[in-house]
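Chain by chain, the residues run as shown.
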Amino acid sequence: MVEYQLPRLPYEYDDLEPFIDEQTMKIHHQKHHQSYIDGLNKTLEEISGNFHPKYITSILSDLKSIPEASRNKINFFGGGFENHRLFWETIIPNGGGLPKGKLADSIDVYFENFEKFQKIFSDVSISIEGSGWCWLVFNPTFNKIEIISTKNQDSPWTLKKIPLLGLDLWEHAYYLKYQNRRGDYISSWWNVVNWEYVENRFSEISG
Ligand code: MN3
């Protein structure tokens, strides 16, 4: 049986201190991420799709292929699985700084410079109502990068956009350390962004 599993983190739970605290990382990974995986596996089993030949990003790109009764659950749990999988990869101890190469060039083209990009991304992140994500995505239809937000666990893949970098703005991602200070969490998160990973992802995707 094909089952999704909790990915191992490429660092320890306390490695992102002081920006993201150990307890938050541990609960976020072991409890929250695991719960999306359990929900995804259970839903796939219900629709006999645990042998589904496609990876979750292909399923999310074509949700209509899923029986209507299970579509919302696949959207939620599948999005939750994949959003978090990417989230862990795009943060790293001693991260932050500036992107380089082709990604840096694209940011300059579409946002004028990195500072303006960072301000727009932070502003969109702050203004999400309730739970959701802020994303830097690649839009293959127009061959350009964009900043978008999605609600709950909706994945950019459902909008035919490819996520490059995502910030989790559910309270579970920051409440233990930052409480209601979402802005402080956002400013801290910039210090752990793994730009090298995002650059490589962008290069692979944009060809
Ligand atoms: Mn989360």
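Our subject is the structure listed above.
Described below are features of the structure shown in this document. Computed from a predicted model, the values in this text were never measured in an experiment.

Describing the coordination of the manganese ion
At step 1: Looking at the metal site, the manganese ion is ligated by H28 (NE2), H84 (NE2), D168 (OD) and H172 (NE2), spaced 1.9 to 2.1 Å from it.
At step 2: Expressed as a motif, the donor residue spacing for the manganese ion is H-x55-H-x83-D-x3-H. One end of the pair, H84, is in helix 3 (residues 68-89); the other, H172, is in the loop between strand 3 (162-168) and helix 6 (175-178), and 88 residues separate them in sequence. For the pair shown, H84 and H172 are each scored as buried.

Some remarks on the sheet that holds strand 3
At step 1: Spatial strand order, 2-1-3: three strands in an open sheet with antiparallel pairing. Of all the strands in the sheet, just strand 2 (144-151) and strand 3 have a single pairing partner and so form its edges. Here the average twist between neighbouring strands, direction ignored, is 20°.
At step 2: Looking at chain direction, strand 1 (residues 132-139) and strand 3 are connected through six bridges and run antiparallel. Residue pairing for strand 3: W133 is matched across the bridge by D168.
At step 3: Each of strand 1, strand 2 and strand 3 is contacted by helix 8 (residues 195-206), which is oriented at about 155° to strand 3, the strand it contacts most.

Here we look at helix 8
At step 1: With twelve residues, helix 8 ought to run about 16 Å at 1.5 Å a step, and its terminal C-alpha atoms sit 16 Å apart, in line with that.
At step 2: W195, V198, E199, R201, F202 and S206 are the residues of helix 8 that are buried. Viewed end-on, helix 8 has its buried residues packed into an arc of 165°, placing them on one side of the element. Pointing more than 90 degrees away from the buried face of helix 8 are the exposed residues E196 and E204.
At step 3: In this structure, the buried residues of helix 8 make contact with helix 3, helix 4 (101-111), helix 5 (114-126), strand 1, strand 2 and strand 3.
At step 4: Directly after helix 8, the chain includes G207, whose backbone phi takes a positive value near 75°.

Section: a negative patch on the surface
At step 1: Residues E12, D14, D15, E17 and E22 make up a contiguous surface patch of negative charge.
At step 2: Mapping E22 onto the fold places it in helix 1 (residues 22-46).
At step 3: Owing to a relative accessible area of 38%, E22 belongs among the partly exposed residues under this scheme.

Quick notes on the side chain of S125
At step 1: Within the secondary structure layout, S125 lies in helix 5.
At step 2: We classify S125 as buried; its relative accessible area is 0%.
At step 3: Each residue touching S125, except ones within four places of it in the same chain, is listed here: C134, L167, L169, R182 and I186.

Criteria and thresholds
Residues numbered from 1 in each chain as written. Predicted model: local features only at pLDDT ≥ 70, side-chain atom pairs only at ≥ 80, totals over all residues. Heavy atoms only, no water. Donors = N, O, S within 2.8 Å, 3.2 Å for Na, K, Ca; no water. Helix = DSSP H or I, 4+ residues; strand = E, 2+ residues; numbered from the N terminus. Buried < 20%, exposed > 50% of the residue type's maximum accessible area, 1.4 Å probe, protein only. Pairing = 2+ DSSP bridges. Axes fitted to C-alpha atoms, helices over the stretch in contact; angles between N-to-C directions. Contact = heavy atoms within 4.5 Å. Expected span 1.5 Å × (residues − 1). Arc of directions from axis to C-beta. Patch = residues over 30% accessible without salt bridge, like charges linked within 9 Å, V, L, I, M, F, W, Y side chains within 5 Å. Areas by Shrake-Rupley, 256 points an atom, 1.4 Å probe, with all protein chains shown as cover. Salt bridge = Lys/Arg side-chain N within 4 Å of Asp/Glu carboxyl O. Lys, Arg positive; Asp, Glu negative; His and termini not counted. Charge placed at Lys NZ, Arg CZ, Asp CG, Glu CD.

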